[in-house]
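# Summary of the model geometry
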Amino acid sequence: MSIHPLLRLTPYDMISIIRNGLQKTSIPKKMIIVGAGMAGLVAASLLKEAGHHITILEASDRVGGRIYTLRSPFTEGHYIDVGAMRIPHIHYLVLEYIRKFQLPIHPFFNRTPNDLIHVNGIQTRRKTYEQNPDILNYPVAPREKGKTENQLIQTAVQPLVQFINQNPMKNWGVVIKAFDKYSLDTFFRHNPVGARLSPGAIEMINVLSDTEGLSELSFLEILREYLILSNPDVHFYEIAGGNDRLPRAFLPQLKNEILFRQKMKKIVQHDNRVTIHSVHTKSLKPFKITGDLAIITIPFSVLQWVEVEPRYSFSHNKWKAIRELHYVPATKIGIQFKNRFWEKEGMYGGKTITDNPTRFTYYPSHGFGEQEGVVLASYTWEDDALLWNSLSQEDQVHQALNIMATYHGEDIKRQFVTGSAQNWVQNPYSGGAFAMFKPEHEKELFPYILAPEGRVHFAGEHASTSRTWIQGAVESGIRVACETNNRPKFP
């Protein structure tokens, strides 16, 4: 577990806070929390236990934000996590809350030896490809032949990873200072510390690790993802019955504090108070609430639509961060089938990787041996996800089905029951799936993403070191609860 140089709390401090709570406040305050995703729920839970008066405004009709388990239109109790779908075993904060709420979990099989690979017109299994990576016919340089995509990544990043691991608390800061300027693509091409990769090797990595649409984003962001998703020593879990059981577990404590369908329209900072103006998304009735402090957990992509009065109560650098922080589009398409044909092909969890528009197909890691099942027929990011937004829901499902039939056979079309697509960039309450920095943003934006502005504090996965993950939302919720717990009511 590492700590970013800008954050004071260690992971062990945070685990202790989850278990034991915050110190009871001697300064009870009226707190307004905007957003009932994991960051807002964690902050609200800790602050209520510490003795504060909490009100949560949530624009949608549910808790969880981008933890979203889709149960309709699927039948027979089937579902799919169209938001956060896997929990790495190293994300101790998330697992600590899962233990606290006594939620059952089981393995999420992110990859298996039987994974299908369908690229360059070639179809094979992962176990065959790993024995002979050249079978895929990527135009790699002679020195790169015989290496898998993970081995190619290792040749490029291993010196940097070894340096970080020597002293994570100190060396991450050194790495950020030296390498924040690189995009993923420029680092691979002009690597100053490891092997420089050929265009063919970069293409192979991008297709097989699903980073083809992310190559212009920050190298440091993708490095953090590689350290989890490409690490054979990291294993994953999912919550039995759907990952939304985690945010819903906060409801017994917080249900009376949550006002649903309240979409924030304006933040007004007074000398010694802050007022949040909202509108009910169904009745359109205006609402306002005044408190001592506000905690804003919604994505900056959505915050751009909120008026701030006076405007100068947010600093220039905060406005820059709000405008420039990049949110990654993501699309997930789930399809229910009458028969779990993939298990007859030896696929229990794991995925298919293809250079067709579906890119990654994930098979369920639960319900083995049942009659029916729901497949995540397509999971795409960034440019690959935007491709799907031009299609209707129905067309997205049927295009994904058609592509699956190219590697599973035409008979699967007769097994089709129903399907649905989630295009996160079109979601009015998220404006994307998760935040990922562009080059230089770690240095230029991150300190100001975290910084309070007057009586307004900020949390969310974007305000953490574990962007894109539930862990980041939890981390930021704990941090902001600590920031606000003993802050005086008046300056």
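Being a predicted model, the structure only gives us computed values, none of them experimental. (Residues numbered from 1 in each chain as written. Predicted model: local features only at pLDDT ≥ 70, side-chain atom pairs only at ≥ 80, totals over all residues. Heavy atoms only, no water.)

## What to know about the overall build of the chain
What the chain contains, in helices and strands, is 19 helices and 23 strands. Taking 2.2 N^0.38 as the reference for a compact globule, 491 residues should give roughly 23 Å; the C-alpha atoms of the chain span a radius of gyration of 23 Å, in line with that estimate. Out of the 491 residues in the chain, the part that is buried amounts to 59%. In the chain, 72% of the contacts between residues at least 6 apart in sequence involve partners at least 24 apart. Total accessible area on the chain is roughly 19,600 Å²; 51% of this is exposed by carbon and sulfur atoms. Placing the 55 positive and 48 negative side-chain charges of the chain at their respective mean positions leaves the two points 7 Å apart. (Helix = DSSP H or I, 4+ residues; strand = E, 2+ residues; numbered from the N terminus. Rg over C-alpha atoms; globule rule 2.2 N^0.38 Å. Buried < 20%, exposed > 50% of the residue type's maximum accessible area, 1.4 Å probe, protein only. Contact = heavy atoms within 4.5 Å. Areas by Shrake-Rupley, 256 points an atom, 1.4 Å probe, with all protein chains shown as cover. Lys, Arg positive; Asp, Glu negative; His and termini not counted. Charge placed at Lys NZ, Arg CZ, Asp CG, Glu CD.)

## Overview of the environment of Glu343
Secondary-structure assignment places Glu343 in helix 14 (residues 341–344). Owing to a relative accessible area of 9%, Glu343 belongs among the buried residues under this scheme. Separated by 25 residues in the primary sequence, Glu343 and Phe368 have C-alpha atoms spaced 7.9 Å apart. If sequence neighbours within four positions are ignored, Glu343 has contacts with Tyr348, Gly367, Phe368 and Gly369. Polar contacts involving the side chain of Glu343 include one to the side chain of Arg340, which spans 2.8 Å. (Polar contact = N/O pair within 3.5 Å; in protein donor to acceptor, adjacent residues only side chain to side chain.)

## Focus: the nonpolar core
Counting 60 residues, the largest nonpolar core has Phe187, Phe188, Leu208 and Phe219 as the members making the most contacts within it. Taken together, the elements giving at least two residues each to this core come down to strand 7 (116–119), helix 5 (149–166), helix 6 (168–179), helix 7 (184–189), helix 8 (199–208), helix 9 (219–229), strand 19 (360–362) and strand 20 (373–381). Structurally, this core is a two-domain feature, drawing no fewer than three residues from each of domain 2 (69–110 + 330–423) and domain 3 (138–230). If we ignore the near neighbours within four places in the chain, the residues touching Phe187 are Ala156, Val157, Leu160, Phe179, Tyr182, Pro192, Val193 and Phe219. In terms of nonpolar packing, the next biggest core, distinct from the first, is built from 42 residues, Leu46, Ile54, Val63 and Ile478 among them. (Core = buried A, V, L, I, M, F, W, Y, C linked by side-chain atoms within 4.5 Å. Domains from an automatic or database assignment.)

## So, the packing of aromatic side chains
In total, this model carries 24 aromatic pairs according to the counting rule given. Measuring from centroid to centroid gives 5.7 Å for Phe314 and Phe458, while their planes differ by 75°, and the two rings are edge-to-face. Taken together, the residues span a long stretch of sequence, with Phe314 in the loop between strand 15 (307–309) and helix 13 (316–324) and Phe458 in strand 23 (residues 456–458) at a distance of 144 residues. Residue class for Phe314 comes out buried when judged on its relative accessible area of 2%. The ring of Trp319 is capped by Arg311, whose NZ or CZ atom sits 4.2 Å from the centre of that ring. Between Arg467 and the ring centre of Phe437, over which it is positioned, the NZ or CZ distance is 3.7 Å. (Phe/Tyr/Trp six-rings, centres within 6.5 Å; stacked < 30°, edge-to-face > 60°. Lys NZ or Arg CZ within 6 Å of the ring centre and 35° of its normal.)

## Quick look at the sheet that holds strand 9 (residues 236–239)
If you walk across this open sheet you meet the 3 strands as 5-9-6, and the pairing is antiparallel. Both edges of this open sheet fall to strand 5 (87–88) and strand 6 (105–108), since each of them pairs with a single strand only. Pairing analysis gives 2 bridges linking strand 5 to strand 9, with the strands arranged antiparallel. When the bridges of strand 9 are listed, Ile87 appears paired with Tyr237. (Pairing = 2+ DSSP bridges.)

## Structural notes on the domain arrangement of the chain
The domain architecture assigned to the chain consists of domain 1 (11–65 + 246–325 + 437–486), domain 2 (69–110 + 330–423) and domain 3 (138–230). Relative to domain 3, the C-alpha centre of domain 2 lies at a distance of 28 Å. Listed per partner, the contact involves 14 residues of domain 2 and 12 residues of domain 3. Counting across the interface, domain 2 meets domain 3 through 1 salt bridge. Glu212 serves as the salt-bridge partner of Arg359, at 3.0 Å between the closest nitrogen and oxygen. Broken down by secondary-structure element, the contributors of at least two residues to the side of domain 2 that touches domain 3 are strand 20 and helix 15 (382–386). (Salt bridge = Lys/Arg side-chain N within 4 Å of Asp/Glu carboxyl O.)

## Thoughts on the packing of helix 5 against helix 6
Contact geometry of helix 5 with helix 6 gives a least axis separation of 6 Å together with a crossing angle of 140°. Looking at the two axes, helix 5 sits oblique to helix 6. Touching Leu160, Phe163, Ile164, Asn165 and Gln166 of helix 5 are Pro168, Asn171, Trp172, Val174, Val175 and Phe179, all from helix 6. Here the contact of helix 5 with helix 6 is composed, by residue class, of 8 nonpolar, 3 polar and no charged. (Axes fitted to C-alpha atoms, helices over the stretch in contact; angles between N-to-C directions. Parallel < 35°, antiparallel > 145°, perpendicular 65-115°, else oblique. Nonpolar A, V, L, I, M, F, W, Y, C, P; charged D, E, K, R; others polar.)

## A word on the packing of helix 6 against helix 9
The interhelical angle for the contact between helix 6 and helix 9, taken along N-to-C directions, is 135°, at an axis separation of 10 Å. On the basis of their axis angle, the class for helix 6 and helix 9 is oblique. Facing Trp172, Val175, Ile176 and Phe179 of helix 6, the residues of helix 9 in contact are Phe219, Leu220, Leu223, Arg224 and Leu227.

## With respect to helix 9
The buried count for helix 9 comes to 10 of 11 residues, which makes it a mostly enclosed element. Looking at helix 9, one finds that the buried residues are Phe219, Leu220, Glu221, Ile222, Leu223, Arg224, Glu225, Tyr226, Ile228 and Leu229.

## So, the UniProt feature "binding site: FAD" (unreviewed entry) in the chain
According to UniProt, the "binding site: FAD" (unreviewed entry) feature falls on Glu58, Ala59, Gly83, Ala84, Met85, Arg86 and Glu461. A stretch of 404 residues holds the annotated residues, and the largest C-alpha distance among them is 25.1 Å, long enough that they do not meet in one place. The subset of these annotated residues that lines the largest cavity comprises Arg86. Tracing the sequence through the fold places Glu58 in strand 2 (residues 53–58). The exposure class assigned to Glu58 is buried, which follows from its relative accessible area of 8%. If sequence neighbours within four positions are ignored, Glu58 has contacts with Gly35, Ala36, Gly37, Ile258, Leu259, Phe260, Arg261 and Gln262. (UniProt positions renumbered as here; feature names shortened; annotations may be inferred. 1 Å grid on protein atoms, 1.4 Å probe; cavity = no way out; pocket = protein on both sides within 12 Å on 5 of 7 lines; lining within 4 Å.)

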